[in-house]
Amino acid sequence: MRLVLLGPPGAGKGTQAGRLADRLTIPHISTGDILREHVERGSRLGVRARAYMDRGEYVPDDLVVRMVMDRLDEPDAQKGFILDGFPRTVLQAQALEDALAGAGRPLEAVLKFTIDADMAIKRLSNRWLCPCCKRTYNAEFMRPREDQLCDDDGCGLTRRSDDDEITVRRRLEVYRDETEPLELFYWERGLLREVNAQARLELVTERTMEALSDIAS
Ligand code: AP5
């Protein structure tokens, strides 16, 4: 399956993409995760991207598009993929559409996760992240078994530098201005499906599978 997840920061895209990837056995491709790896490594892309990410703004389209196209060429993405955090602008969506049409493997669905701004801020200000396996936790909604330690590998949990309230508010604004127009782009193509993501984790997964029931095998 070739799938895009849309939704504001904190909607649960990363969390649900991980669960879906396990069920559908296709890779979860998160542009945020790939960019953060570049920042950690101090690559040229990472150095350029960091300033934008710290301000809660988008990394320039040309950098991100090239990065995603390279990732989609990898062997594991040939049987399908879940794109989380890409595309975020109409230019990115157009570039993706052109590339996939050229390869004869167009998108099959775009899921839009909806959540209100207050809940997004609440989720993100309580988010904890495992730096080793990237699993996310939440101090209010999804605690690890042992305080501050990842259930899977025991690594100490950390916070994301763009999860402070001021940056989260900026990220929500940027999403509204730059990414919400994609809803019309995909609706016009008959690909958009909406999932109410303001519910407990398992219920959102159920709603997601239901939204894909006609195409998920
Ligand atoms: P990115 O990492 O993609 O951040 P984002 O889109 O802002 O989304 P988040 O990761 O914050 O939220 P999420 O929806 O994945 O929620 P999660 O599942 O973690 O991008 C970061 C930055 O990179 C961007 O700002 C930009 O600078 C740059 N970038 C990335 N892609 C780009 C692109 N294409 N173009 C340009 N720039 C780009 O969940 C959040 C919290 O809630 C967690 O604690 C989780 O445990 C909890 N939670 C999840 N679901 C539930 C639930 N159902 N109930 C209760 N808690 C829940």
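Residues in contact with the ligand amount to 36 residues; listed here are only the nearest, Thr15, Glu57, Arg88, Arg127 and Arg171. One of the backbone nitrogen or oxygen atoms of Val59 is found 3.0 Å away from a nitrogen atom of the ligand. Separating a nitrogen atom of the ligand from a side-chain N or O atom of Gln92 is a distance of 3.0 Å. Starting from 1000 Å² of accessible surface for the ligand in isolation, the protein chains cover 97%. Taken together, the elements giving at least two residues each to the shell around the ligand come down to helix 1 (13-24), helix 2 (31-41), helix 6 (117-125), strand 6 (136-138) and helix 9 (201-211).

Close contact between helix 6 and helix 7 (residues 165-179) brings their axes to 10 Å; oriented N to C, the two are set at 135°. With respect to helix 7, the axis of helix 6 lies oblique. Helix 7 is crossed by helix 6, and the crossing has right-handed handedness. Facing Ala117, Ala120, Ile121 and Leu124 of helix 6, the residues of helix 7 in contact are Glu165, Val168, Arg169, Arg171 and Leu172. Looking at the contact of helix 6 with helix 7, its residues break down into six nonpolar, no polar and three charged.

Another aspect to go through is the environment of Asp76. By the element assignment, Asp76 lies in the loop between helix 4 (61-72) and strand 3 (81-84). When its relative accessible area of 34% is taken as the criterion, Asp76 is described as partly exposed. As a C-alpha pair, Asp76 and Pro27 span 49 residues in sequence and 6.8 Å in three-dimensional space. With residues up to four places along the chain from it excluded, the contact list for Asp76 reads Pro27 and Arg71. Engagement of the side chain of Asp76 in a polar contact is seen with the side chain of Arg71, the distance being 2.8 Å.

The full count for this structure, using the stated rule, is 23 salt bridges. The partner of Arg71 in a salt bridge is Asp76, and the shortest N-O contact between them spans 2.8 Å. For Arg71, a relative accessible area of 17% puts it in the buried group. With a shortest N-O distance of 3.6 Å, Glu202 and Arg200 are connected by a salt bridge. Judged by its relative accessible area of 41%, Glu202 is partly exposed.

Moving on, we come to helix 5 (residues 90-102). Its 13 residues place the ends of helix 5 18 Å apart at the C-alpha level, agreeing with the 18 Å of an ideal helix rising 1.5 Å per residue. Within the span of helix 5, buried status applies to Gln92, Ala93, Leu96 and Leu100. Angularly, the buried residues of helix 5 cover 100° about the axis, an arc narrow enough to put them on a single face. Opposite the buried face of helix 5, at more than 90 degrees from it, the exposed residues are Leu91, Ala101 and Gly102. The inward-facing, buried residues of helix 5 abut strand 1 (2-6), helix 4, strand 3 and helix 8 (181-188). Within two residues after helix 5, Gly104 carries a phi angle of roughly 65°, on the positive side.

Rules of the game
Residues numbered from 1 in each chain as written. Predicted model: local features only at pLDDT ≥ 70, side-chain atom pairs only at ≥ 80, totals over all residues. Heavy atoms only, no water. Near = heavy atom within 4 Å. Polar contact = N/O pair within 3.5 Å; in protein donor to acceptor, adjacent residues only side chain to side chain. Areas by Shrake-Rupley, 256 points an atom, 1.4 Å probe, with all protein chains shown as cover. Helix = DSSP H or I, 4+ residues; strand = E, 2+ residues; numbered from the N terminus. Axes fitted to C-alpha atoms, helices over the stretch in contact; angles between N-to-C directions. Parallel < 35°, antiparallel > 145°, perpendicular 65-115°, else oblique. Left-handed = near helix turned anticlockwise from the far one by under 90°. Contact = heavy atoms within 4.5 Å. Nonpolar A, V, L, I, M, F, W, Y, C, P; charged D, E, K, R; others polar. Buried < 20%, exposed > 50% of the residue type's maximum accessible area, 1.4 Å probe, protein only. Salt bridge = Lys/Arg side-chain N within 4 Å of Asp/Glu carboxyl O. Expected span 1.5 Å × (residues − 1). Arc of directions from axis to C-beta.

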